Amino acid sequence: MSRILVIIVLLLHGSIHLFGFMKAFRLSNIHQLSLSVSKPWGILWLVTALLFWAALLGFILKKDWWIVFAFVGLAISQLLIVVFWKDAKFGTIVNVAILLVTLPIYGNYRFQELIKKERENLLSKSKSSAANTIELVDVAHLPKIVQKWLQYSEVIGKPVPSIIHLNQKGQMKTKPNGKWMSFSAEQYFDGLQPSFLWTTKVDAFLAVHMLGRDKFVDGNGEMLIKLFGIIPIVNEGPNEKMNSGALQRYLAEICWFPSAAMNKNIHWKVVSPNTVEATLVVNDMEVSGIFTFTDEGQIVSFETQRYFGGDEDAKLQTWHIQTLEFKKCEGVNIPYKCSVTWKLPEGEFNWLNLEVTSMEYSYN
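Residues numbered from 1 in each chain as written. Predicted model: local features only at pLDDT ≥ 70, side-chain atom pairs only at ≥ 80, totals over all residues. Heavy atoms only, no water.

Observations regarding helix α8 (residues 240-252)
Okay, so step 1: Its 13 residues give α8 an end-to-end C-alpha distance of 18 Å, which sits within 8% of 18 Å, the value for a rise of 1.5 Å per residue.
Okay, so step 2: In terms of burial, α8 is largely enclosed, as twelve of its 13 residues are buried.
Okay, so step 3: Among all positions in α8, only K241, M242, N243, S244, G245, A246, L247, Q248, R249, Y250, L251 and A252 are buried.
Okay, so step 4: The backbone nitrogen of K241 lies 3.1 Å from a side-chain oxygen of the residue at the head of α8, namely N239. (Helix = DSSP H or I, 4+ residues; strand = E, 2+ residues; numbered from the N terminus. Expected span 1.5 Å × (residues − 1). Buried < 20%, exposed > 50% of the residue type's maximum accessible area, 1.4 Å probe, protein only. Polar contact = N/O pair within 3.5 Å; in protein donor to acceptor, adjacent residues only side chain to side chain.)

Structural notes on the side chain of Q317
Okay, so step 1: Following the sequence through the fold, Q317 ends up in strand β11 (residues 316-329).
Okay, so step 2: Not counting the four nearest positions on each side in its chain, Q317 is found in contact with T304, Q305, R306, F308, W342, K343, L344 and P345. (Contact = heavy atoms within 4.5 Å.)

Regarding empty space enclosed by the protein
Okay, so step 1: The tally for this structure, following the rule as stated, stands at two cavities of 30 Å³ or more.
Okay, so step 2: Size it by volume and the largest cavity reaches roughly 50 Å³.
Okay, so step 3: What lines the largest cavity is simply A252, C255, F291, I299, S301, F302, I321 and T323.
Okay, so step 4: Residue assignment for the lining of the largest cavity shows that the elements contributing at least two residues are β10 (299-307) and β11.
Okay, so step 5: The element contributing the most residues to the lining of the largest cavity is β10, with three residues.
Okay, so step 6: Put simply, the second largest cavity is a space of about 30 Å³.
Okay, so step 7: Lining the second largest cavity we find W149, Y152, S153, C255, G297, Q298, I299, F326, N333 and P335. (1 Å grid on protein atoms, 1.4 Å probe; cavity = no way out; pocket = protein on both sides within 12 Å on 5 of 7 lines; lining within 4 Å. Points joined across faces, edges and corners; volume = space filled by probe spheres on them.)

Observations concerning the nonpolar core
Okay, so step 1: Formed by 62 residues in total, the largest nonpolar core has its most connected members in W149, I254, W256, F257, W268 and F291.
Okay, so step 2: Among the elements that take part in this core, strand β12 (residues 332-344) stands out by supplying seven residues, more than any other.
Okay, so step 3: The contact partners of W268, leaving out residues within four places of it in the chain, are L142, P143, V146, W149, I254, A261, V276, E277, A278 and F291.
Okay, so step 4: In terms of nonpolar packing, the next biggest core, distinct from the first, is built from twelve residues, L10, F52, W66 and L74 among them. (Core = buried A, V, L, I, M, F, W, Y, C linked by side-chain atoms within 4.5 Å.)

A closer look at the layout of surface pockets
Okay, so step 1: Computed from the structure, the largest pocket encloses a volume of approximately 1000 Å³.
Okay, so step 2: Considered class by class, the residues forming the lining of the largest pocket number 26 nonpolar, eight polar and nine charged. (Nonpolar A, V, L, I, M, F, W, Y, C, P; charged D, E, K, R; others polar.)

Describing the packing of helix α4 (residues 66-83) against helix α6 (residues 91-124)
The description of two helices packed together rests on the angle between their axes and the distance between the axes.
Okay, so step 1: Relative to each other, α4 and α6 sit at 165 degrees, their axes nearing to 10 Å. When the interaxial angle is binned, α4 and α6 end up roughly antiparallel. In the packing of α4 onto α6, the handedness of the crossing is left-handed. Judged by residue contacts, W66, I67, F71, L74, S77, Q78 and I81 of α4 engage G91, T92, N95, I98, L99, T102, L103, I105 and Y106 from α6.
Okay, so step 2: Taken together, the residues of the contact of α4 with α6 sort by class into ten nonpolar, six polar and no charged. (Axes fitted to C-alpha atoms, helices over the stretch in contact; angles between N-to-C directions. Parallel < 35°, antiparallel > 145°, perpendicular 65-115°, else oblique. Left-handed = near helix turned anticlockwise from the far one by under 90°.)

Observations concerning the pattern of salt bridges
Okay, so step 1: All chains considered together, the criterion is met by ten salt bridges.
Okay, so step 2: The partner of E253 in a salt bridge is R249, and the shortest N-O contact between them spans 2.9 Å. With respect to burial, E253 and R249 carry one shared label: buried.
Okay, so step 3: Through salt bridges with shared partners, a single ionic network connects E118, R213, K215 and E222. (Salt bridge = Lys/Arg side-chain N within 4 Å of Asp/Glu carboxyl O.)

Some remarks on the pairing of strand β8 (residues 275-282)
Okay, so step 1: Burial analysis of β8 places six of its eight residues in the buried class, which makes it a mostly covered element.
Okay, so step 2: Relative to β8, strand β7 (residues 266-272) runs antiparallel, the two being bridged by six bridges. Looking across to β8, one finds that S272 is bridged to T275.
Okay, so step 3: Between β7 and β8, which pair antiparallel one after the other, the connecting turn spans two residues.
Okay, so step 4: As judged from the eight bridges shared by β8 and strand β9 (residues 285-293), these two strands associate in the antiparallel manner. When the sheet's bridge partners are listed, T279 is paired in β9 with S288.
Okay, so step 5: Hairpin connection from β8 to β9: two residues lie between these consecutive antiparallel strands, with N283 at a positive phi of about 55 degrees. (Pairing = 2+ DSSP bridges.)

Below you can see the structure in the form of structure tokens.
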């Protein structure tokens, strides 16, 4: 809807600027302009119209340069409005409206261009799984409950995916007493070497939205959140705390591609018959977490000590993921609904409830 609005406003606002040109060169009797317009000013009115139309063309063609023409057009348009204030003062409202509509669209465009490059980078680093089929003998060295998990998940007899692509939706909070905000997200995992890219759009309130990205690539974790894709709210990492937190997230989320349990970087230790500790090592960094299962091998929860934030003052807190509902995607049983909670000294903070809406495995 906002895209259609931009097209209409740029077209009409550009056309209105022809009035000054037509009056200056006496091409028509423009009653809306009571002030006289000299030919130099008339040419500037025409130039402004052409700038808005050029911006319109670039916007329709999805060219990066359209915003430059729009902003230059806005600047000259406002100059003309000031000079011819008596006749054109209401044009200020239109210019402000154009600015408010175009900035978020441009911010979203620039943000998606960043994500596109980062996604291509992640996919280019992916190694081939050679579509190796998982056999019982391949998991015989794992703890019994992990073997049951792989059997329950029905990955036995299926190939190992190299890339996992998810779409999600849900609600999140930024603080315990905050309001729930709806979000949609897209995520790519490398199923063979730990890395992921998660992008989201969060509807904060009314027409206000945030764009976010969380990633772990080449051993480095980063988080970026921008209001309207323009104004940075969070820009953390890579640093030790962000790196470990992102790697812990990868470890927790192998519940969506259980074949990763066979990854040589993951070491399993039995805690109890239905509980195991998984330790994931990447380069010189090591993180651990506790997986709990039912007797049948269905994942119940994952819990670890994770930094609450990524700044220098961030402290380790208990991070808990609870599975809620299961379904089969790509022939694999996964927990498609989960809740995520921080267990803080002042109380539990359930900050995220998510649902996997689609999942796709790729085999290079």
